[in-house]
Amino acid sequence: MEIRGAGRIARAGATALGDFATSYQGSSLDDFLKDLDKAKETILSSRPTAVSLWNGVHATIRGVNEATTVDDARALVSDNAVAFCEHSKKAVEMIARIGAQRIEDGDTIMTHCNSSTALGIIKEAHRQGKDIKVYATESRPWRQGILTVNDLADAGVDITLIIDSAVRTVMKKTDRVFVGADTVTSHGALINKIGTSHLALAAYEARVNFYACAETYKFSPMTVFGDMVAIEERDISEVIRPGEVRDSVKVFNPVFDSTPAKYIDAIITELGMIHPGAVYGVLVKQLGDDFFNKE
Ligand code: RUB
C-alpha cells in the first residue's frame, strides 16, 4: 500500500525489474534468466488484482529469452522498463485530453478512491477553464479520497468530500462519473476499488454517464481465455480496531469489486473512447494473430 493506483503500481513493477537487471552482477545468462524469473514472481505476487502490473512486468521482460549474452539481456530488460514507463505516462496524458472533452462547462462530477487517470481528466478540464464541481468519496477503509480531495484542491478545483454511503444521495446532483481501473476484462467489466459498482448502479438509476478511465495495459489478456480476476482481500485490521467487536464476529474486507459492462457508458483509453464491448477486439489486436494461431 505504499504505492497505490494501478498505473503507478505497474510502473513501479517495471522499474524494479529494470533496476534488478541494471544492477545484476553475475556473468551467466542462464542464472540471470532464473533470477529474473524469481524477481518477476515476487513482484507479481505483491498485488494480485491489478493486471496493469502483470502487463507492465511482461512488457519489461519481452524478448529476453532471445538474448544471447547476459549483457544484452540486462540492457533489453532495462530499456523495456524505461519504454513501458514512458508509454504509461503518455497514455495517462492522452486520456486526460480525450476525457476532458467529455466535460462541459458547469458540470458536476463524481469520482471514487484515488485514480491518477480519472484525476488527470478532471484537472485537464479545469485547466481548460471549465467551471466544474467535484464530489469525491472517502473510500473506506484506506480513505484514499483524502489524497484525491487534496490533489484537486491544490489544483484549484471546487471539491467536496463525501462519505461512501452518500453516493446515491449526491448522484442526483451529478452530471458524470469518472473512475479509474485496476483491470478491465475482455467482456468489458471494470475491476476497481470496492464501491465502484455502487457508483455505477446509482449512476445508472439516475441516468448519469459513467466512464471508466483506463490505459489499455489495464485490459486483461487472461480473461480472453476465461480466467476470472482474483479480488484481493486484505487484513481485518484495516476495518476494525483490536477488541472492538466480539470474538465471534467475522470481518470480510474485499478490496476491489466488479462493475458489469452494461453499467459503463464508455471506457476512456489512450486510443480514444471505446464501448466496453470493444475491449475484446483491442485485446485480440494487442495479443496478435500469431497468438491465436499457435498449434
Ligand atoms: C486505487 C484504485 C484506483 C485504480 C486506478 O486502489 O482503485 O482507482 O488503481 O488508479 P489502491 P490509476 O489505492 O488500493 O491501489 O488511475 O492511478 O492507475
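What you see is a predicted model; the values in this text were computed from it and never measured.

**Student:** For this particular structure, what's the right way to read the nonpolar core?
**Tutor:** Soluble, globular proteins show a tendency: their nonpolar side chains are buried together. Met110, Val177, Phe210, Phe219 and Ile267 are the most contacted members of the largest nonpolar core, which totals 29 residues. Elements with a minimum of two residues in this core: helix H7 (167-171), strand S4 (176-179), helix H8 (196-206), strand S7 (209-213) and helix H9 (279-287). If you tally residues by element for this core, the top one is H8, at 4 residues. If we ignore the near neighbours within four places in the chain, the residues touching Phe219 are Val51, Asn55, Val184, Ala214, Ile267, Thr269, Ile274, Val279, Val282 and Leu283.

**Student:** What should I look at first to understand the site of the ligand in this one?
**Tutor:** As a matter of local geometry, the ligand sits amid 18 residues, with Gly7, Ser115, Ser116, Thr117 and Lys218 nearest to it. Lys193 has a polar side-chain atom sitting 2.7 Å from an oxygen atom of the ligand. Take Lys218: an N or O atom from its side chain is 2.7 Å from an oxygen atom of the ligand. Protein contacts shield 100% of the accessible area of the ligand, which totals 460 Å² for the unbound molecule.

**Student:** Is there a simple way to explain the pairing of strand S9 (residues 266-269) in this structure?
**Tutor:** Within a regular strand, the side chains alternate between the two sheet faces. The two faces of S9 match: Ala266 and Ile268 on one face and Ile267 and Thr269 on the other face are all buried. Both S7 and S9 contribute to a ladder of 3 bridges, which runs parallel. Considered in S9, the bridge of Cys213 is made with Ile268. Looking at chain direction, S9 and strand S10 (residues 272-274) are connected through 3 bridges and run antiparallel. What sits directly across from Ile268, in S10, is Met273. What sits between the antiparallel neighbours S9 and S10 is a turn of 2 residues.

**Student:** What should I look at first to understand the sheet that holds strand S5 (residues 183-184) in this one?
**Tutor:** In a beta sheet, neighbouring strands are held together by backbone hydrogen bonds and run either parallel or antiparallel to one another. Strand order across the open sheet formed by 3 strands is S5-S6-S8, with antiparallel pairing between neighbours. This sheet does not close on itself; its edge strands, each paired only once, are S5 and strand S8 (256-259). Here 2 bridges tie S5 to strand S6 (residues 190-193), and the two strands are oriented antiparallel to one another. Along S6, the bridge assignment pairs Thr183 with Ile191.

**Student:** I keep staring at empty space enclosed by the protein and nothing clicks. Help me out?
**Tutor:** Taking a probe equal in size to a water molecule and rolling it over the atoms shows the remaining empty space. If you walk through the whole model with that rule in mind, you get 2 cavities of 30 Å³ or more. When its volume is computed, the largest cavity comes out at roughly 240 Å³. For the largest cavity, the lining is made up of 24 residues, of which Gly5, Ala6, Asn114, Ser115 and Asp182 are closest to its centre. Among the elements of the structure, helix H1 (6-23), helix H5 (116-127) and S6 are those that each provide at least two residues to the lining of the largest cavity. Element by element, the count of residues in the lining of the largest cavity is highest for H1, at 4 residues. When grouped by side-chain class, the residues that make up the lining of the largest cavity number 6 nonpolar, 10 polar and 8 charged. As a volume, the second largest cavity reaches approximately 60 Å³. Contributing to the lining of the second largest cavity are Ser139, Arg140, Pro141, Trp142, Gln144, Lys193, Ile194, Arg234, Glu238, Asn253, Pro254 and Val255. Counted by class, the lining of the second largest cavity contains 5 nonpolar, 3 polar and 4 charged residues.

**Student:** Explain H5 to me, please; I cannot follow it from the model alone.
**Tutor:** Every α-helical turn comprises 3.6 residues, leaving residues that sit three or four positions apart pointing alike. With 12 residues, H5 ought to run about 16 Å at 1.5 Å a step, and its terminal C-alpha atoms sit 16 Å apart, in line with that. Looking only at H5, the buried set comprises Thr117, Ala118, Leu119, Gly120, Ile121, Ile122, Glu124 and Ala125. Taken from the residues just after H5, Gly129 is the one with a positive phi, measuring 90°.

**Student:** What am I meant to see in H9 here?
**Tutor:** Among the residues of H9, those classed as buried are Val279, Val282 and Leu283. What you see down the axis of H9 is that its buried residues fit within an arc of 100°, all on one side. In the core, the buried residues of H9 are packed alongside S5, S9 and S10. In the stretch just after H9, Gly288 is the one whose phi turns positive, near 90°.

**Student:** Is there a simple way to explain unusual backbone geometry in this structure?
**Tutor:** Leaving glycine aside, a negative phi is the common case for residues, and trans is the common case for peptide bonds. In this chain, Arg140 is followed by Pro141 through a cis amide linkage whose omega measures 0°. Looking at the secondary structure, you find Pro141 in the loop between strand S2 (133-137) and helix H6 (145-154). The phi torsion at Cys113 lies on the positive side, around 60°, for a residue other than glycine. Inspection of the secondary structure assignment puts Cys113 in the loop between strand S1 (108-111) and H5. In this structure Cys113 comes out as buried when scored by relative accessible area, which is 9%.

Reading the values: the criteria
- Residues numbered from 1 in each chain as written.
- Predicted model: local features only at pLDDT ≥ 70, side-chain atom pairs only at ≥ 80, totals over all residues.
- Heavy atoms only, no water.
- Core = buried A, V, L, I, M, F, W, Y, C linked by side-chain atoms within 4.5 Å.
- Buried < 20%, exposed > 50% of the residue type's maximum accessible area, 1.4 Å probe, protein only.
- Helix = DSSP H or I, 4+ residues; strand = E, 2+ residues; numbered from the N terminus.
- Contact = heavy atoms within 4.5 Å.
- Near = heavy atom within 4 Å.
- Polar contact = N/O pair within 3.5 Å; in protein donor to acceptor, adjacent residues only side chain to side chain.
- Areas by Shrake-Rupley, 256 points an atom, 1.4 Å probe, with all protein chains shown as cover.
- Pairing = 2+ DSSP bridges.
- 1 Å grid on protein atoms, 1.4 Å probe; cavity = no way out; pocket = protein on both sides within 12 Å on 5 of 7 lines; lining within 4 Å.
- Points joined across faces, edges and corners; volume = space filled by probe spheres on them.
- Nonpolar A, V, L, I, M, F, W, Y, C, P; charged D, E, K, R; others polar.
- Expected span 1.5 Å × (residues − 1).
- Arc of directions from axis to C-beta.

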